[in-house]
Amino acid sequence: MYNKRTKVSYFLTALLLLAVFLSACTNKANEGSNPKGEASPSSGNAGGPSGKPDTSKKVELVWYLLGDPHPDTEKVVAEWNKMLEKELNTTVKLNFTSWNDWQTKYNLLLTSGEKIDMIFASTWADYYKFASQGAFMPLDELLPVYAPETWSKVPKQDWVEATVKGKIYAVPATYPEYTPDGLVYREDWRKELGLPEITDLDSLEAYLDGVKKAKPDVTPINGKAWNEAYTLFKAYHGYEQIGGDSGVVVARSYDTPRDIIAYPFTDEFEAWVKRMKTWADKGFWTSDSLSSQKEAGDAIRTGNGAVYWRNAPGAGGFIVGLKETNPEIEMGYFPFTRFHHYAMPTLSVNNAMAIPKSAANPERSLMVLDKLRNDPKHYDLMTYGIEGTHYSIAEDGKSIVPPASAKNNKDWKKYDIASWGWRIESNSREKQASGWEGFDKLLEEFKSISKPNIFAPVLLDYKPVKSQQAAVNQVFQQYGQPLMMGLVPDVDKALEVFRKQLKAAGVDDIVEYVKTEANKHFDEKGIN
Amino acid sequence: MKIKTEKSTVAFNAIGYTIITLLTLACLLPFLLIVSGSFTAETEIIAEGFKLIPDQISLDAYKAVFSNPAQIVNAYKVTIGLTVVGTLAGLFLTSMAGYVLSRKHFKYRNGLSFFIYFTTLFSGGLIPWYILIVKYLGWKDSYLALLIPSMIGAWNIILMKNFMKSIPDSITESAKIDGAGDFTIYWKLVLPLSTPGLATIGLFLALSYWNDWFLANLFITSENKYPLQFLLYRILASAAVLKTNVAGNLSPDFKPPAETLKMATAVVVTGPIVFLYPFVQRYFVKGLTIGAVKG
Amino acid sequence: MRHFWLELRKNKVLFLMILPTLLFFAVFAYFPMVGVYYAFTSYSFEGGLFGSEFIGLKNFEFLFESGVLWNLTKNTILYNLAFIFIGNILQLICAIFLSELPGKWFKKTTQSVMFLPFFVSFVLVGAFVFNLFSVNNGVVNTMLEQLGLPPYDFYLHTAPWKYIIVFFQVWKGLGYGTVIYLAAIMSISDEYHEAAKIDGANIFQRVRYIVLPMLVPTFILLILLALGGILKGQFDLFYQIIGNNGMLFESTDIIDTYVYRSLAVNFDIGMGTAAGLYQSVFGFILVVTVNAIIRKTREDYALF
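From a predicted model like this one, the values you see are computed outputs, not experimental measurements.

1. So, the overall build of chain B
Here is step 1: On a plain count of helices and strands, chain B comes out with 16 helices and zero strands.
Here is step 2: Out of the 295 residues belonging to chain B, those deemed buried represent 57%.

Dropping the structure here:
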């Protein structure tokens, strides 16, 4: 009894200490934010008499980009700040998340309410989720006033794609791209072995088989083969995921967006996993593939692999890079769009800039972005670095080449930061897919079969079914992946277990949820 | 005194040498593989995996690590500074707390021990902690964010308390009778008697400062404040990201750093223990403590 | 309360000496604990921590619904018990030998070498394990081949992985833990040894009757400290060695890896916190119970 009392009194003291500390802290925090508050949204809103926004107050903005700075970024930003200070009475402190654990950090930056005036945003960085949960500031009213040029120049459709629950939460980059999945493969081996050209699944299988049989030291997909197998699976069946990664719940095809199913319960799936079992048994990939950290692309470089999953621009980068290190290798590319003959452009918000809710100076930030996007002087500096040091303009007056000073300097490194958020095609001085010569033809092909991306903008936050979603994702990894890689000893049994576990995890609830939300969205947009 | 060693001692030594040698080999071999891996050509590692003796020696990984020597030197400075300051301050606070909790006449020692231990069980997670440091304390991009949070650890305090408990009460009691205050007893008597414990906790503190990249990862945005481990992790992380879906957005001119880089960074980081450890070992000499005071 | 002020006045200096530490924990540990509340809300940015909707225990459902929780809990506990006991016993043995063996140079070198694994990140351990056990070019399978034995497909069988995981965990912590025991041995007064020698005790007897009993409190302390984290698990170790390989989950899945996989696609702070809370409460009850038992038998061995 006595002992208990000492403990209680002890905790009371601790609480007291805590309270004292907290009050001290909050006072400090309040003091800190007051002076800034004066310059914040409401008061800065009014334009000057000439209709131009008021920039009489000097402001320092904090911007965040993904990835890491270039060694010279500090110098480049200093140059930029000189320009900004003159033109907008503003300076920017440019911070980077670094690639180290960037998702966690990105999440923290937004959740903690840290003062940030602009941050990179993207569908693959959960733009829709963050926007719908209120992490970003709505820009509809600010854009026409503070970023008029951007407001008028960005295509309507791009703004639509950036719209969440009726509001625009990000300024998308203006850089149309197609990034369909596909496979790069050793074309020289195909020719050498007289294998058929890869046009469909059967010829792909024949290719893999031919390579495996003729070259015992080669594992066709050598390393982690999950991406190869999974993207192939989805593309071959024409399954479309809805609203980002929707796991096993898909629209059965592009033409039937409302036919939403959980694919593991289809007959096609059964046939597919049986086929994959034969692929694994034939040694198209190794039995330890799911644990391997090795990229199949690295094995191509060393001559032990033949096939590697890449999206189209990525394939260009890979092939161009390989030409430099291994000129003897000839590569081909098979885009999965050829299974069903349509290609969807990436969403505009694949790369964008957004303003967190906590921003102190959203107006000024938009003004800076407007300059950055539309004034070539700003754009070139922040994208390609300092002219003469990091690049020179080529003879065509448009594209860039390494400057003369780079020739004798071994340490010279092309200026490169994650500038994707403000990329604009018309200002760009570099070609897509790193100038791979095969890309232009491919791009023509994609454009000719282009269909709008109707699936990605469906907004799903899974709130009502989040525990089911978590359980299903888990089941998919534990039972689905080995099955789809053909690694299980008994396919029928494993399939049964997988289906049973999915049911138990509540997959039907998710299908119901996705169906409801998707139909709502399709009704709204008039998609059938 | 017998000079001849007893039979039992011979047996003991034989068993001891065997076990220690085996365990040492188990620790050494993988490390040798890592060292040799760091000197192997990238393509060889990818094609054939680790080997004790590489076919072809390559310095590429080290060239990549030291591609910006000024930055590495600076990072070393930051890390050494943090390690020295953090270890000394941490050791002072930890030993004081450990001393207080080990005093048997101190009534609240159990309650306070519980207060401290409880923090190892429950945590509010990363986000509130981050908010505390960034918003309330304003330590974003400040060395304080690297220094303070890892200065005091519950485990270290409890271990310290345990080490100090073994100091006989008679020593402190007699000092007390002589009129020495609590702090004097701690400073003049208990600390000198606790050298093995201090060396151990000091080593642990130093290691945690030396190995920290987590705090820097969260809080540091200026490159000139990067500690060593974070700088190295950053190089590795950009290599890893280049291999994910995000890679489609990256300029392909950017060559991913080599697989061997992982190993080279491990070697670069481990180096200093070779210097630090023997220094710590000096305090693991038997009989140094009690005897010295009494004699 | 009066007791408290009396005590405070009596031991002013002691209180002052521990005050910085208490403040530290109040600020850096207790204050952020308000975040536990995330476990009971459906988080939204507009609401923040306290403005978000309160949803009771809904965030815990994903753990219980799937029916795997018991199995995961069991796995986690068994792994941690293996780590704790095998690790501590080996460290204890090493420390005893290192303190009693002659040969200064030998002891110093081996001790340093045992510390090396501590510096090897789990990423590297993962790469290393894969190189040992992979089907093509794996060290083990290459050796089997050279011995004329059939290769063994480690990645299709769950059985060996328990041992591999325990081995590497113990391996990594060996040097670190040994130091603690070594320091404890160093604080044993030489007088005991001398007295025992005069009594004619041989080295085995001295270890058995002097060193071991003196190490028991440290041993119990370290076990107690570790028990609190019995449901938390070495995520990096498992994740880097097993990764996403569903083939091996049956015997290598722990709560941390399971939660990570469940939330990898759509991270939810509420559910993440809920899982952590389950682990904490479990560890808390365990430690308080064990500590109470120890307190009953040997008071000075208790943690608090």
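2. What to know about empty space enclosed by the protein
Here is step 1: Taken as a whole and assessed by the stated rule, the structure comprises 12 cavities of 30 Å³ or more.
Here is step 2: Estimates place the volume of the second largest cavity at around 250 Å³.
Here is step 3: Forming the boundary of the second largest cavity are 21 residues, of which Lys129(A), Gln133(A), Phe267(C), Asp268(C) and Ile269(C) lie nearest the centre.
Here is step 4: Of all the elements in the fold, those that place two or more residues in the lining of the second largest cavity are helix H4 (102-111), helix H5 (127-132) and helix H19 (466-484) of chain A together with helix H14 (255-263) and helix H15 (269-297) of chain C.
Here is step 5: For the lining of the second largest cavity, the element with the most residues is H19(A), which contributes four residues.
Here is step 6: Taken together, the residues that form the lining of the second largest cavity break down as nine nonpolar, seven polar and five charged.
Here is step 7: A domain split of the lining of the second largest cavity shows at least three residues from each of domain 1 (57-178 + 347-430) and domain 2 (181-342 + 455-525) of chain A.

3. As for the pattern of salt bridges
Residues and elements named next belong to chain A.
Here is step 1: Summed over all chains, the structure comprises 43 salt bridges over all chains.
Here is step 2: The residue Glu-197 makes a salt bridge to Arg-190 at a minimum N-O spacing of 4.0 Å.
Here is step 3: When its relative accessible area of 52% is taken as the criterion, Glu-197 is described as exposed.
Here is step 4: Between Glu-517 and Lys-520 there is a salt bridge, and its shortest N-O distance comes to 3.2 Å. Taken as a pair, Glu-517 and Lys-520 lie in helix H21 (residues 507-525) at a separation of three residues, close to a single helical turn.
Here is step 5: By relative accessible area, which is 22% here, Glu-517 ends up partly exposed.
Here is step 6: The exposure class of Lys-520 is partly exposed, given its relative accessible area of 49%.
Here is step 7: Look at the salt bridges and you will find they share partners, linking Asp-202, Glu-205, Arg-275 and Lys-282 into a network.

4. Comments concerning the sheet that holds strand E3 (residues 118-121) of chain A
All names here are of chain A.
Here is step 1: Strand order in this open sheet of five strands is E2-E1-E3-E13-E6, and the pairing throughout is mixed. Pairing within the sheet leaves two strands with one partner each, and these edge strands are strand E2 (90-96) and strand E6 (170-172). Within the sheet, the average angular offset between the axes of one strand and its neighbour, ignoring direction, is 25 degrees.
Here is step 2: Two elements, strand E1 (residues 59-65) and E3, share two bridges in a ladder whose sense is parallel. Looking at E3, one finds that Tyr-64 is bridged to Ile-119.
Here is step 3: The strands touched by helix H3 (residues 73-88) within the sheet are E1 and E2, with E2 carrying the most contacts at an inclination of about 150 degrees.
Here is step 4: Seen against the sheet, helix H16 (residues 362-374) touches E1, E2, E3, E6 and strand E13 (352-354) and runs at an angle of roughly 65 degrees to E1.

5. Topic: unusual backbone geometry
Residue and element names in this part refer to chain A.
Here is step 1: For Ser-98, which is not glycine, the phi torsion reads 60 degrees and is therefore positive.
Here is step 2: Non-glycine residue Tyr-462 carries a positive phi angle of around 60 degrees.
Here is step 3: With respect to the helices and strands, the residue Tyr-462 is situated in the loop between helix H18 (439-448) and H19.
Here is step 4: Looking at Tyr-462, the relative accessible area reads 4%, which means it is buried.

6. Thoughts on the nonpolar core
Here is step 1: Ranked by internal contacts, the top residues of the largest apolar core, which has 374 residues, are Trp63(A), Tyr127(A), Phe136(A) and Trp285(A).
Here is step 2: For this core, the element with the highest residue contribution is helix H9 (residues 159-186) of chain C, accounting for 16 residues.
Here is step 3: Apart from the residues within four sequence positions on either side, Trp63(A) is in contact with Trp80(A), Val92(A), Lys93(A), Leu94(A), Asn95(A), Asp117(A), Met118(A), Met353(A), Ser365(A), Val368(A), Leu369(A) and Leu372(A).

7. Points about the interface of chain B and chain C
Here is step 1: Counting residues at the interface gives 99 residues for chain B, matched by 94 residues for chain C.
Here is step 2: Carbon and sulfur atoms supply 76% of the area buried between chain B and chain C, which totals about 8,800 Å² over both sides.
Here is step 3: Our count for the contact surface shared by chain B and chain C stands at one salt bridge.
Here is step 4: Taken together, the connections running from chain B to chain C amount to 10 residue pairs in polar contact (both at pLDDT 80 or more).
Here is step 5: Sorting elements by how many residues they give to the side of chain B that touches chain C places helix H1 (residues 7-38) of chain B first, with 20 residues.
Here is step 6: Each residue belonging to the side of chain B that touches chain C can be placed in one class, and the counts come to 65 nonpolar, 24 polar and 10 charged.

8. So, the packing of helix H10 (residues 201-214) of chain A against helix H12 (residues 267-281) of chain A
Residues and elements named next belong to chain A.
Here is step 1: Viewed as axis vectors pointing N to C, H10 and H12 meet at an angle of 20 degrees, and their least axial separation amounts to 12 Å. In terms of axis orientation, H10 runs roughly parallel to H12. The way H10 lies across H12 gives a crossing that is right-handed. Together, Leu-201, Asp-202, Leu-204, Glu-205 and Leu-208 of H10 and Trp-272, Arg-275 and Trp-279 of H12 make up the contact between the two elements.
Here is step 2: Considered class by class, the residues forming the contact of H10 with H12 number five nonpolar, no polar and three charged.

9. Thoughts on the side chain of Asn59(C)
Here is step 1: Secondary-structure assignment places Asn59(C) in the loop between strand E2 (53-54) and helix H4 (61-65).
Here is step 2: On the accessibility criterion, Asn59(C) (0% relative accessible area) is buried.
Here is step 3: In terms of polar contacts, Asn59(C) uses its side chain to reach the side chain of Lys466(A), at 2.9 Å.
Here is step 4: The contacts of Asn59(C), once residues within four sequence positions are left out, are Lys466(A), Tyr38(C), Ala39(C), Phe40(C), Thr41(C), Asp268(C), Gly270(C), Met271(C) and Ala274(C).

10. A few points about helix H9 (residues 169-177) of chain B
All names here are of chain B.
Here is step 1: Among the residues making up H9, those that are buried are Ile-171, Thr-172 and Ala-175. One side of H9 carries all its buried residues, which in axial view fall inside an arc of 90 degrees. Away from its buried face by more than 90 degrees, H9 exposes Ser-170 and Ile-177.
Here is step 2: Looking at the buried positions of H9, the neighbouring elements they touch are helix H10 (182-193).
Here is step 3: One or two positions beyond H9, positive phi appears at Gly-179, with a value near 95 degrees.

11. Re a negative patch on the surface
Here is step 1: Among the surface-exposed residues, Asp509(A), Glu512(A), Glu61(C) and Glu65(C) lie close enough to one another that they form a single negatively charged patch.
Here is step 2: Among the secondary structure elements, those contributing two or more residues to the negative patch are H21 of chain A together with H4 of chain C.
Here is step 3: Relative to the helices and strands, Glu61(C) is located in helix H4.

12. Quick notes on the pairing of strand E12 (residues 331-335) of chain A
Residues and elements named next belong to chain A.
Here is step 1: Within E12, five of the five residues are buried, which leaves it mostly tucked inside the rest of the structure.
Here is step 2: Of the pairings in the sheet, the one linking strand E7 (residues 181-186) to E12 comprises five bridges and is antiparallel in character. Looking across to E12, one finds that Gly-182 is bridged to Pro-335.

13. Considerations on the side chain of Gln478(A)
Here is step 1: Following the sequence through the fold, Gln478(A) ends up in helix H19.
Here is step 2: For Gln478(A), a relative accessible area of 13% gives the class buried.

14. Looking at the sheet that holds strand E8 (residues 240-241) of chain A
Residues and elements named next belong to chain A.
Here is step 1: Here we have three strands laid out as an open sheet, ordered E8-E9-E10, and antiparallel in their pairing. Each of the sheet's edge strands pairs with one partner strand only, and the pair in question is E8 and strand E10 (256-262).
Here is step 2: The pairing of strand E9 (residues 249-253) with E10 spans four bridges and is antiparallel. Among the inter-strand pairings, Val-249 is bridged to a residue of E10, identified as Ala-262.
Here is step 3: Packed on one face of the sheet, H21 meets E9 and E10 and runs near 170 degrees to E10.

15. Examining the environment of Lys225(B)
Residues and elements named next belong to chain B.
Here is step 1: The topology assignment puts Lys-225 in the loop between helix H12 (214-219) and helix H13 (228-241).
Here is step 2: The exposure class assigned to Lys-225 is partly exposed, which follows from its relative accessible area of 21%.
Here is step 3: Considered as a pair, Lys-225 and Ala-180 are 45 residues apart in the sequence and their alpha carbons are 44 Å apart.
Here is step 4: Lys-225 has contacts with Val-78, Asp-141, Tyr-143, Leu-146 and Ile-220, leaving out every residue within four places of it along the chain.

16. Quick look at the confidence of the model for chain C
Here is step 1: Put simply, chain C has an average pLDDT of 89, and 100% of its residues get 70 or more.
Here is step 2: ipTM for the predicted complex: 0.90, alongside a pTM of 0.88.

Rules behind the numbers
- Position numbers for residues count from 1 along each chain, tracking the sequence in the order it is written.
- Chain letters and ligand numbers both follow the written order, the letters beginning at A and the numbers at 1.
- In keeping with the predicted nature of the model, local features appear solely for residues at pLDDT of at least 70, side-chain atom pairs appear and are counted solely at 80 or more, and the whole-chain, interface and lining totals rest on all residues.
- Where side-chain values are given, they derive from all heavy atoms of the structure, hydrogens and water being excluded.
- Secondary structure is summarised from DSSP: a helix means a run of H or I of at least four residues, a strand means a run of E of at least two, and numbering begins at the N terminus for each.
- Per-residue accessibility, obtained with a 1.4 Å probe over protein chains only, is compared with the maximum for each type, and a residue is labelled buried under 20%, exposed over 50%, and partly exposed between these values.
- In this analysis a 1.4 Å probe is tested at points of a 1 Å grid over the protein atoms alone, and where it fits but cannot get out there is a cavity; an open set with protein on both sides within 12 Å along at least five of seven lines is a pocket; lining residues have an atom within 4 Å of a point.
- Grid points are joined across faces, edges and corners, and a volume is the space filled by probe spheres set on the points.
- Classes in brief: Ala, Val, Leu, Ile, Met, Phe, Trp, Tyr, Cys and Pro nonpolar; Asp, Glu, Lys and Arg charged; the others, Gly included, polar.
- Marked domain ranges trace back to an automatic or database domain assignment.
- Only one rule defines a salt bridge in this text: a Lys or Arg side-chain nitrogen within 4 Å of an Asp or Glu carboxyl oxygen.
- The criterion for strand pairing is that DSSP finds at least two bridges linking the strands in question.
- Interaxial angle, 0 to 180 degrees, is taken between N-to-C directions of lines fitted to C-alpha atoms, where a helix line uses only the stretch in contact.
- Here a residue-residue contact requires only that any non-hydrogen atoms of the pair lie within 4.5 Å.
- Grouping buried Ala, Val, Leu, Ile, Met, Phe, Trp, Tyr and Cys residues that are joined through side-chain atoms within 4.5 Å yields what is termed a nonpolar core.
- By buried area we mean the combined loss of accessible area, with a 1.4 Å probe, across both parts when two parts are placed together.
- By the criterion applied in these results, polar contacts are pairs of N or O atoms within 3.5 Å in which, for protein atoms, one can donate a hydrogen and the other can accept it, and in which residues neighboring in sequence qualify only through two side-chain atoms.
- Orientation labels follow simple angle bins: below 35 degrees gives roughly parallel, above 145 gives roughly antiparallel, 65 to 115 gives roughly perpendicular, and whatever is left gives oblique.
- For any pair of crossing helices, the crossing counts as left-handed if the nearer helix is rotated counterclockwise from the farther one by less than a right angle, and right-handed if it is rotated clockwise.
- The arc in question is traced by the directions running from the helix axis to the C-beta atoms.
- Two joining distances apply to patches: 9 Å for like charges and 5 Å for nonpolar side chains (Val, Leu, Ile, Met, Phe, Trp, Tyr), and every residue must have over 30% relative accessible area and no salt bridge.
- Surface exposure here means Shrake-Rupley accessible area, sampled with a 1.4 Å probe, where a residue is shielded only by the protein chains that are shown.
- His residues and chain termini do not enter the charge count, which takes Lys and Arg as positive and Asp and Glu as negative.
- Charged groups are reduced to one reference atom each: NZ for lysine, CZ for arginine, CG for aspartic acid, CD for glutamic acid.
- As a per-residue quantity, pLDDT reports the predictor's confidence and falls between 0 and 100.

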